[in-house]
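# Notes for the structure review
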Amino acid sequence: MTLLPDIKAADAACCGGGGTDSSSNSSCTVDSQGEHYAGQTKGNNPCLSMNCCTLATGSATSIDESSSASASAAAKVNNNFNDPHNHFGQCEPVDIEFSDIRYEVRKFSFAERKFITKEILHGLQGNFRSGELTAIMGPSGAGKSTLLNVMSGFCATGATGNIRVNGKSMSTISDKFRRLSCYIHQDDLLRPQLLVGEIMMMAAHLKLGFKVSKEHKLNTIKHILSLLGLEHRYNVHTGKLSGGQKKRLAIALELISNPPVLYLDEPTTGLDSSSCSSCVSLLKKLASQGHTIVCTIHQPSALIFEMFDKLYAVVDGHCMYQGTIPALVPFLAEQQLVCPSYHNPADYCEYKIISINISEDIKALNAPTESLEQPLAKATENMGLANQMTLTSNQNNDIISASFLMQYLLLMQRILICARRNYFLLLARIISHIFIGVIFGYLYMNVGSNASSVLGNYVYLYGSTLLLVYTGKMAVVLTLPLEINMLTREHFNRWYKLGPYFLSLVSFEIPFQSLCTALYIVISVRLTDNDSVDSFRIHYFMLLAIMASLSAQAWGFFVGATLPTKLAVFLGPILAVLFSVFGFCTRYIDITPMFRWMWHLSYFRAGFHGALNAIYGMDRPFLECPENVMYCHFRSPKVFLKYMMISDVHMSDCIMLMGIVIGVMHLLTIITLWRKLNKR
Ligand SMILES: Nc1ncnc2c1ncn2[C@@H]1O[C@H](COP(=O)(O)OP(=O)(O)OP(=O)(O)O)[C@@H](O)[C@H]1O
């Protein structure tokens, strides 16, 4: 089989290149199933001379009766766009040309004991034009998502090549490039507790800032929701939406800022034919407003396929075809791949390109696929180093997103709404602290008041510190692993910055964990009769317990941000145990010198020793020995502390150490997250 890359001819012949409307050129019919094609026309123009299945017109409203559901969805989209109250603006044209796009990953091979570089995209070139809806197709593993990742700037490390936006070279990691596009990933990650209207308004506040009036935002939201057929779901929780509705909502959220370029990774996967049709109709109409829309798609029906303006077919990291949809069939025919009548060309194309022998047939495809309006510069530099350009008159540049403070307040509001609606976990945390406070209180009842049970009280204080360290750490160790995908997506699409996000997270978690700790302390201190001493000791104990718990929480965030989920859950408790041994029954002089630094760094040790010092230190007078007990060894608190070798504990040192641990671990967490979010 020979598959010559005569794409240039095909594409150039197809109605004058970019922005063509296939409807004007194809003489096509759709059969009664709305899926298959018949009819053959002959002529010199390849768009008119398809020697096998020809395509239906590009208009979404021209589909036949058998597809009435899809037709009505598509017609609705049309109507919405013609709505005189359309608040969703036209957008500036953004043409993207790319050449010699390569992407390679470097992995360590344990078998070969060396780093191996694997090239996934092999010098792709082409263009995505304003006003066009382009489908990226190809077999599984062909590199479609990788191409989208590279073109959107989601992946830059390992990517080389040249990208020109409106004729000027641009770095994919530059702010200007990023501001041009939004990337809608395959999985629609939405917070299930929020209503559709709420999540849309929140996105509008974050993306459009507060210079745009609320009324305008509301109109825009309503308009976008009606475009996507979601207006009736305005007051529905996103968790209760169907798969298709979630996908449409994910698109709606990104449309709020009206980005000129939209990249979508398999937006139709998992949708029924009607939802699929309305989704692609919407994309088509968005394109007709001047947006540049590129999406990967798998096995579209013939009806859906013909809605696309362009096809970019990828096979094993090579471009196999770039051109209009009507030109595909003649192109394949020229390569002796005659699409049988009554056959979906999308299926045929995907099926055929799977069987292509890349090494023999596609090599030549690295030659220019289209006559681009401007010759592309020789692409050798890393995209990150490419020159930046200034885009003029781009409406996206006029949008001033919410300030740091407003982002923080909005994210805080989001957390509070989600917490209010999904209070089960929070309630469980509160109840478990109260419950264990009662259990511990009864287990160590009245141990705090007299000299006969000093060791019992010692164990109570140790157990309390251990509990609070565990609950502090384990309650948050999964927070970031569970949030990271959503955070990555929202951060990449410029909803908010990392600072306000993390600040809002800790602003909720710190007071909540402090409250849980305080509840535990109040209950257990009362039952153990530790409150019979001066109240300042209990205040100190409370402060130290809260700080120990917050230190563990800060570690939990760090472990969650750094390690893969399974490892984080496993290593989190191990780290807690490791540091706890430096507080309990381990005397400093007994520690091997090479591990003494751990004693100094142990926030657990600081919390526990500080708590002991709060209860028994600071010149506490002699304890009473009950009458029925013959001898109390630890009547003197000083003797007890000396015996435990913690008589030289300074409260300020303990508080300072834990304060530093909290600050440093939060800082390390932010740095780790920043690296993850900006590692492209
Ligand atoms: N980070 C990576 N490390 C190693 N291999 C990778 C990496 N990213 C992608 N690949 C490989 O590159 C190839 C293309 O992957 P990609 O996800 O782009 O395919 P795709 O065409 O989108 O497939 P699908 O349609 O199944 O989603 C695959 O073989 C994949 O295993």
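Residues numbered from 1 in each chain as written. Predicted model: local features only at pLDDT ≥ 70, side-chain atom pairs only at ≥ 80, totals over all residues.

### Things to note about the overall build of the protein
Put simply, the rule reads: Helical segments are the DSSP runs of H or I of at least four residues, strand segments are the runs of E of at least two, and each set is numbered from the N terminus. Any residue whose C-beta has 12 or fewer other C-beta atoms within 10 Å is treated as exposed, any with 20 or more as buried, and any in between as partly exposed, C-beta atoms being built from the backbone. Note on contacts: residues are paired as contacts if their backbone-placed C-beta atoms lie within 7 Å.
Looking only at helices and strands, one finds 24 helices and 12 strands in the protein. Counting every position in the protein, which comprises 680 residues, the buried fraction comes to 48%. Put simply, of all contacts in the protein between residues at least 6 apart along the chain, 79% involve residues at least 24 apart.

### Quick word on the UniProt feature "transmembrane region" (unreviewed entry) in the protein
How we decide: UniProt positions are given in the numbering used here, feature names are shortened, and annotations may be inferred rather than shown by experiment.
When the UniProt feature table is mapped onto this chain numbering, "transmembrane region" (unreviewed entry) sits at residues 399–417, 424–445, 457–480, 501–523, 538–560, 567–589 and 655–674. Helix makes up 91% of residues 424–445 and strand makes up 0%, while its end C-alpha atoms are separated by 30 Å. Helix and strand shares over residues 538–560 are 100% and 0% respectively, and the end C-alpha atoms of the span are 32 Å apart.

### Focus: the packing of helix 18 (residues 498–527) against helix 19 (residues 535–562)
Our working definition: Interaxial angles span 0 to 180 degrees and are taken between N-to-C directions of axes, which are lines fitted to C-alpha atoms, for helices over the stretch in contact. In these notes the angle categories are as follows: under 35 degrees is roughly parallel, over 145 is roughly antiparallel, 65 to 115 is roughly perpendicular, and the rest is oblique. Each crossing gets its hand from how the near helix is turned against the far one by less than a right angle, where anticlockwise is left-handed and clockwise is right-handed.
Their axes nearest at 9 Å, the elements helix 18 and helix 19 cross at an angle of 140°. Comparing their axes, helix 19 and helix 18 come out oblique. Both helix 18 and helix 19 take part in a crossing whose hand is right-handed. Packed against helix 18, whose contacting residues are Glu509, Ile510, Gln513, Ser514, Thr517, Ala518, Ile521 and Val525, the element helix 19 presents Ile538, Phe541, Met542, Ala545, Ile546, Ser549, Leu550 and Gln553 at the interface.

### Notes on the confidence of the model for the protein
Short version of the rule: pLDDT gives the predictor's per-residue confidence on a scale running from 0 to 100.
Summarising the model, the protein shows a mean pLDDT of 78, and 79% of its residues fall at 70 or more. The low-confidence segment residues 1–85 (pLDDT under 50) makes 204 contacts with residues lying over four places distant or belonging to another chain. Every residue in residues 359–396 scores below 50 in pLDDT, and together they form 89 contacts with partners more than four places removed in sequence or on other chains. Two summary scores accompany this predicted model of the complex, namely pTM at 0.77 and ipTM at 0.95.

### Topic: the site of the ligand
Spelled out, the test is: By convention here, the C-beta atom is placed from the backbone, and a residue is near a molecule or strand when that atom is within 6 Å of it. Ten residue types, Ala, Val, Leu, Ile, Met, Phe, Trp, Tyr, Cys and Pro, are classed as nonpolar, four, Asp, Glu, Lys and Arg, as charged, and the remainder, Gly among them, as polar.
Close contacts around the ligand come from Val105, Ile120, Gly138, Ser140, Gly141, Ala142, Gly143, Lys144, Ser145 and Thr146, and that covers them all. The element best represented in the shell around the ligand is helix 3 (residues 144–152), accounting for 3 residues. Grouping the amino acids of the shell around the ligand by side-chain chemistry returns 3 nonpolar, 6 polar and 1 charged.

### A few points about the nonpolar core
Which entries qualify depends on this criterion: Note on definitions: a nonpolar core is a set of buried residues drawn from Ala, Val, Leu, Ile, Met, Phe, Trp, Tyr and Cys, linked by C-beta atoms within 7 Å.
Judged by nonpolar contacts, the single largest core of 160 residues is most densely connected at Ala252, Leu544 and Ala548. With 17 residues, helix 19 is the single largest residue contributor to this core. Every residue in contact with leucine 544, bar those within four places of it in the chain, is listed here: Gly607, Gly610, Ala611, Ala614 and Cys654.

### Observations regarding the UniProt feature "domain: ABC transporter" (unreviewed entry) in the protein
UniProt tags residues 96–341 as "domain: ABC transporter" (unreviewed entry). Between the C-alpha atoms that bound residues 96–341 there is a distance of 35 Å. The span itself is 33% helix and 28% strand.

### Observations regarding the pairing of strand 8 (residues 181–184)
Two faces make up the sheet, and in a regular strand the side chains alternate between them. Rule in force here: We call two strands paired when DSSP finds no fewer than two bridges between them.
Burial of the side chains of strand 8 extends over both faces: Ser181 and Tyr183 are buried on one face and Cys182 and Ile184 on the other. Sheet analysis places strand 8 next to strand 9 (residues 261–264), joined by 4 bridges and oriented parallel. Opposite serine 181, over in strand 9, you have valine 261 as the bridge partner.

### Concerning the pairing of strand 12 (residues 318–324)
Across the 7 residues of strand 12, 7 count as buried, placing the element largely inside the fold. Across 6 bridges, the pairing between strand 11 (residues 310–315) and strand 12 is antiparallel. Counterpart to lysine 310 in the pairing with strand 12 is threonine 324. What sits between the antiparallel neighbours strand 11 and strand 12 is a turn of 2 residues, in which aspartate 316 has the positive phi angle 50°.

### Concerning unusual backbone geometry
If you check the backbone angles, asparagine 166 has positive phi at about 50° while not being a glycine. Turning to its location among the elements, asparagine 166 is positioned in the loop between strand 6 (159–165) and strand 7 (168–169). Positive phi outside glycine occurs at glutamate 266, with the angle close to 45°. As for its placement among the helices and strands, glutamate 266 is situated in the loop between strand 9 and helix 8 (273–288). A tally of 20 C-beta atoms within 10 Å means that glutamate 266 is categorised as buried.

### What to know about the sheet that holds strand 5 (residues 133–137)
What the 6 strands build is an open sheet, ordered 8-9-10-5-11-12; its pairing is mixed. Here the strands that pair on one side only, and so sit at the sheet edges, are strand 8 and strand 12. With strand direction ignored, the average angle separating the axes of adjacent strands in the sheet is 15°. Relative to the sheet, helix 3 contacts strand 5, strand 8, strand 9, strand 10 (292–296) and strand 11, its axis offset from that of strand 10 by approximately 150°.

### Regarding helix 3
What sets the pattern is the α-helix's 3.6 residues per turn: residues three or four places apart point alike. Counting buried positions over the 9 residues of helix 3 gives 8, a clear majority of the element. Within helix 3, the full set of buried residues consists of Lys144, Thr146, Leu147, Leu148, Asn149, Val150, Met151 and Ser152.

### Things to note about helix 24 (residues 651–678)
Applied cut-off: A helix is expected to reach a length of 1.5 Å times the quantity of its residues less one.
The end-to-end C-alpha separation of helix 24 is 40 Å, in line with the 40 Å expected for 28 residues at 1.5 Å each. Those residues of helix 24 that sit buried are Cys654, Leu657, Met658, Val661, Ile662, Met665, His666, Thr669 and Leu673. The inward-facing, buried residues of helix 24 contact helix 18, helix 19 and helix 22 (603–616).

### Regarding the environment of leucine 425
Examined against the element boundaries, leucine 425 turns out to sit in helix 15 (residues 424–443). With 10 C-beta atoms packed within 10 Å, leucine 425 lands in the exposed category. In the structure, leucine 425 is positioned 89 residues away from glutamine 336 in sequence and 62 Å away in space, judged by C-alpha atoms.

### A short note on the sheet that holds strand 7
What the 4 strands build is an open sheet, ordered 4-3-6-7; its pairing is antiparallel. Whereas interior strands pair on both sides, the edge strands pair on one side only; in this sheet they are strand 4 (114–128) and strand 7. Pairing between strand 3 (residues 96–109) and strand 4: 12 bridges, direction antiparallel. If you follow isoleucine 96 over to strand 4, its bridge partner there is phenylalanine 128. Taken strand by strand, helix 3 contacts strand 3, strand 4 and strand 6, and its axis lies near 75° from that of strand 4.

### With respect to the packing of helix 22 against helix 24
The contact between helix 22 and helix 24 brings their axes to 9 Å, and the two run at 150°. Considered as vectors, helix 22 and helix 24 are oriented roughly antiparallel to each other. Classified by chirality, the crossing of helix 24 by helix 22 is left-handed. Across from Tyr603, Ala606, Gly607, His609, Gly610 and Asn613 in helix 22, the residues of helix 24 making contact are Met651, Cys654, Ile655, Leu657, Met658 and Val661. Here the contact of helix 22 with helix 24 is composed, by residue class, of 8 nonpolar, 4 polar and no charged.

### Comments concerning the environment of leucine 515
With respect to the helices, strands and loops of the structure, leucine 515 is situated in helix 18. Sequence separation between leucine 515 and isoleucine 430 is 85 residues; the distance between their C-alpha atoms is 8.2 Å.

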